[in-house]
Amino acid sequence: MPTSSASTTDSAKSVGGGVQSLERAFDLLERMADAGGEVGLSELSASSGLPLPTIHRLMRTLVSCGYVRQQANRRYALGPRLIRLGESASRLLGTWARPYLARLVEETGETANMALLDGDEIVYVAQVPSKHSMRMFTEVGRRVLPHSTGVGKALLAHTPDDEVRALLSRTGMPAATEKTITTPDGFLAALEDVRGQGYAVDDNEQEIGVRCLAVSVPNSPTAAAISISGPAGRVTEAATEKIVPVLQQVAAELSEALASQNPG
């Protein structure tokens, strides 16, 4: 792609020594994501403080690269090439997490998982199985609805109630078992419990005979949670008291590792 003479001037450089136009382009992409994936130029100008001509030039470049597309209504939406980047980043995030999940397995004896919120669904991106032989529904690549999982509760615990209700109205709340929460009010009450106790529980709600304990990963670049899953006979209330501090410690260490990979 041709480079303009302006790109070599000091004004094109960021304070941190990077390329200012790149920083601005990625900032615009993140603002688009925060706004739901579709925005107008005036909205981007108001939120970013950049002049309209600058935004128009950056967006034109992003459109030509496939990272943004222009809608018939002249608004801009995130483009399909970002999907490939996101999928690769999710796999990499799972790879980084595996040593931490392995520690969870070693210290708790149960299967450890990492999951992300992808749109309205939960997707499992990493897993280290327990040495005990027990097949469970969790596996890498599996997609489930948030309302019936511990990781779903952990990921949504700090989302505003109206956004949670909107998500639930889009997905529905089908019962995976007779213990699945199937009402928005019930789910919101469960999220309040998560905020109060600092961890989430799936008590036979996705699969009978299986309990799951989950916590979110603080300050993750994308909403992420880790969990352990095991037979209800082993993941008891007494075991929960021992497992949760380990989960929280590993989540904090994983958060630090991710931050070191993503310096601000």
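Residues numbered from 1 in each chain as written. Predicted model: local features only at pLDDT ≥ 70, side-chain atom pairs only at ≥ 80, totals over all residues. Heavy atoms only, no water.

The sheet built from 6 strands is open, its strands ordered β6-β5-β4-β9-β8-β7 with antiparallel pairing. Edge positions in the sheet fall to β6 (143-144) and β7 (200-203), since each has one partner strand and no second. Taken together, the 7 bridges between strand β4 (residues 111-118) and strand β5 (residues 121-128) define a ladder with antiparallel strand orientation. Following the sheet pairing, A115 is matched in β5 by Y124. (Pairing = 2+ DSSP bridges. Helix = DSSP H or I, 4+ residues; strand = E, 2+ residues; numbered from the N terminus.)

Quick look at the pairing of β7 now. With 4 bridges joining them, β7 and strand β8 (residues 210-216) adopt antiparallel strand pairing. Directly across from V201, in β8, lies its bridge partner L213. Taken together, β7 and the strand that follows it, β8, pair antiparallel across an intervening segment of 6 residues, in which N204 is found at a positive phi of about 65 degrees.

Glancing now at a nonpolar patch on the surface. Taken together, the side chains of V19, L22 and F26 present a nonpolar region at the surface, about 300 Å² in accessible area. Within the element layout of this structure, V19 appears in the segment before α1 (20-34). (Patch = residues over 30% accessible without salt bridge, like charges linked within 9 Å, V, L, I, M, F, W, Y side chains within 5 Å. Areas by Shrake-Rupley, 256 points an atom, 1.4 Å probe, with all protein chains shown as cover. Salt bridge = Lys/Arg side-chain N within 4 Å of Asp/Glu carboxyl O.)

What follows is about the packing of helix α6 (residues 161-171) against helix α7 (residues 184-197). The contact between α6 and α7 brings their axes to 10 Å, and the two run at 135 degrees. Between α6 and α7, the angle falls in the class oblique. The crossing of α6 and α7 is right-handed. Along the contact surface, α6 presents D161, V164, R165 and L168, while α7 presents P184, D185, F187, L188 and L191. (Axes fitted to C-alpha atoms, helices over the stretch in contact; angles between N-to-C directions. Parallel < 35°, antiparallel > 145°, perpendicular 65-115°, else oblique. Left-handed = near helix turned anticlockwise from the far one by under 90°. Contact = heavy atoms within 4.5 Å.)

Along the polypeptide, G79 turns up in the loop between β3 (76-78) and α4 (81-108). In this structure, the C-alpha to C-alpha distance between G79 and G66, residues 13 residues apart in sequence, is 5.7 Å.

On to the side chain of S48, then. Within the fold, S48 resides in helix α2 (residues 41-48). For S48, the side chain forms a polar contact with the main-chain oxygen of L44, separated by 2.7 Å. Among the polar contacts made by the side chain of S48, one reaches the main-chain amide nitrogen of L50 at a distance of 3.2 Å. The residues touching S48, leaving out its near neighbours within four places in the chain, are D27, L28, R31 and I55. (Polar contact = N/O pair within 3.5 Å; in protein donor to acceptor, adjacent residues only side chain to side chain.)

Turning our eyes to something else, we now look at α6. Of all the residues in α6, the buried ones are V164, L167 and L168. Around the axis of α6, the buried residues are gathered within 95 degrees of arc, so they sit on the same side. Opposite the buried face of α6, at more than 90 degrees from it, the exposed residues are D162, S169 and R170. In this fold, the buried residues of α6 make contact with α5 (150-156) and α7. In the segment just after α6, G172 is the residue with positive phi, at about 75 degrees. (Buried < 20%, exposed > 50% of the residue type's maximum accessible area, 1.4 Å probe, protein only. Arc of directions from axis to C-beta.)

What follows is about the packing of α1 against α2. In the contact formed by α1 and α2, the axes pass within 11 Å of each other and the chain directions differ by 110 degrees. Overall, the two elements α1 and α2 adopt an arrangement that is roughly perpendicular. Listed contacts from α2 to D27, L28, R31 and M32 of α1 are L44, S47 and S48.

This paragraph deals with the nonpolar core. With 30 residues, the main nonpolar core has L101, L104, M114, L213, I226 and L247 as its most contacted residues. Sorting the residues of this core by element identifies α4, β4, β5, β8, β9 (224-231) and α8 (237-261) as the ones contributing at least two each. Tallying contributions element by element places α8 first for this core, with 9 residues. Among all residues touching L247, those that are not within four sequence positions of it are L104, L213, A214, V215, I226, S227 and I228. Core analysis: the next-biggest nonpolar cluster, separate from the first, contains 14 residues, L28, L58, L62 and V68 among them. (Core = buried A, V, L, I, M, F, W, Y, C linked by side-chain atoms within 4.5 Å.)

Spatially, the 3 strands line up as an open sheet ordered β1-β3-β2, and their pairing is antiparallel. On the outer flanks of this sheet lie β1 (38-39) and β2 (68-70), each paired with one strand and no other. Across 2 bridges, β1 lies against β3 in antiparallel orientation. Bridging from a neighbouring strand, V39 pairs with Y76 of β3. Lying over the sheet, α1 contacts β1, β2 and β3, oriented at roughly 90 degrees with respect to β3.

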